[in-house]
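# Commentary on secondary and tertiary structure
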Amino acid sequence: MGASGFDEGQIGQGHEDGKHVDVVQYRRFYHERLKPDLDDANAQRASIDEEWKSCEDLVKNLKVMQAGKDRKATITRTLMHLGADVYAHAEVANPETIYVFVGLGFYVQCSLEEAEQIASSRMSHLEA
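Here we summarise the structure given alongside this text. (Residues numbered from 1 in each chain as written. Predicted model: local features only at pLDDT ≥ 70, side-chain atom pairs only at ≥ 80, totals over all residues. Heavy atoms only, no water.)

### A short note on the overall build of the protein chain
Stated formally: Think of it this way: any DSSP run of H or I at least four residues long counts as a helix, any run of E at least two long counts as a strand, and we number them from the N terminus. Think of it in three bands: with a 1.4 Å probe and only protein chains considered, a residue is buried below 20% of the maximum accessible area for its type, exposed above 50%, and partly exposed in between. Only heavy atoms matter for contacts: two residues are in contact if any of them lie within 4.5 Å across the pair. Each accessible area value is a Shrake-Rupley result obtained with a 1.4 Å probe; residue values ignore everything except the protein chains displayed when judging cover.
Of the regular secondary structure elements, the protein chain holds three helices and four strands. Residues classed as buried in the protein chain amount to 19% of the 128 residues present. Contacts spanning at least 24 positions in sequence make up 36% of the contacts within the protein chain whose residues lie at least 6 apart. Split by element, the accessible area of the protein chain, about 10,100 Å² in all, is 55% carbon and sulfur.

The structure is reproduced here in structure tokens:
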């Protein structure tokens, strides 16, 4: 037995047989274990990136709404994301308070400043 725990005679047996078995085992391990794990990790990362982008968009919209509030605007126009890359123009009649999705199907009504804190908190959590 060699230092690796393998019988060195087995590894070099029939110069192609040992290499072929190793390649087949590595290929099977890659396809059965590594590739699915990598695909899952990539899907999770994409989900986190999408949520982070959503929070970033919320912060940008909140700043625009706060600027409109400072100008005493009664109606603020914005572009709302409906999902699946579909957007719609929307008018916000009362830019003093908005509803923010906090998870599990729940929304909270809050001021623009509170909404910005929620979004910033979520972004810092996603970065960790």
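### Comments concerning the nonpolar core
Generally speaking, soluble globular proteins have nonpolar side chains that are buried together. For clarity, the cut-off: The definition of a nonpolar core used throughout is a set of buried Ala, Val, Leu, Ile, Met, Phe, Trp, Tyr and Cys residues joined through side-chain atoms within 4.5 Å.
Counting residues in each nonpolar core, the largest one holds eight residues, listed as Leu 62, Met 65, Val 92, Ile 98, Val 100, Cys 110, Leu 112 and Ala 115. Within the residue set of this core, elements represented by two or more residues are α2 (17-70), β3 (97-103) and α3 (112-127). When near neighbours in sequence (up to four residues on either side) are disregarded, Ile 98 contacts Leu 58, Leu 62, Met 65, Val 108, Gln 109, Cys 110, Leu 112 and Ala 115.

### Let's talk about the pairing of strand β1 (residues 76-83)
Which entries qualify depends on this criterion: A pair of strands is labelled paired if DSSP reports no fewer than 2 bridges between them.
Bridge analysis of β1 against strand β2 (residues 86-92) gives seven bridges, and the strand direction is antiparallel. From the neighbouring strand, Leu 79 faces β2, where its bridge partner is His 89. Hairpin remark: β1 followed by β2, antiparallel, with two residues in the connecting loop; positive phi at Ala 84, about 55°.

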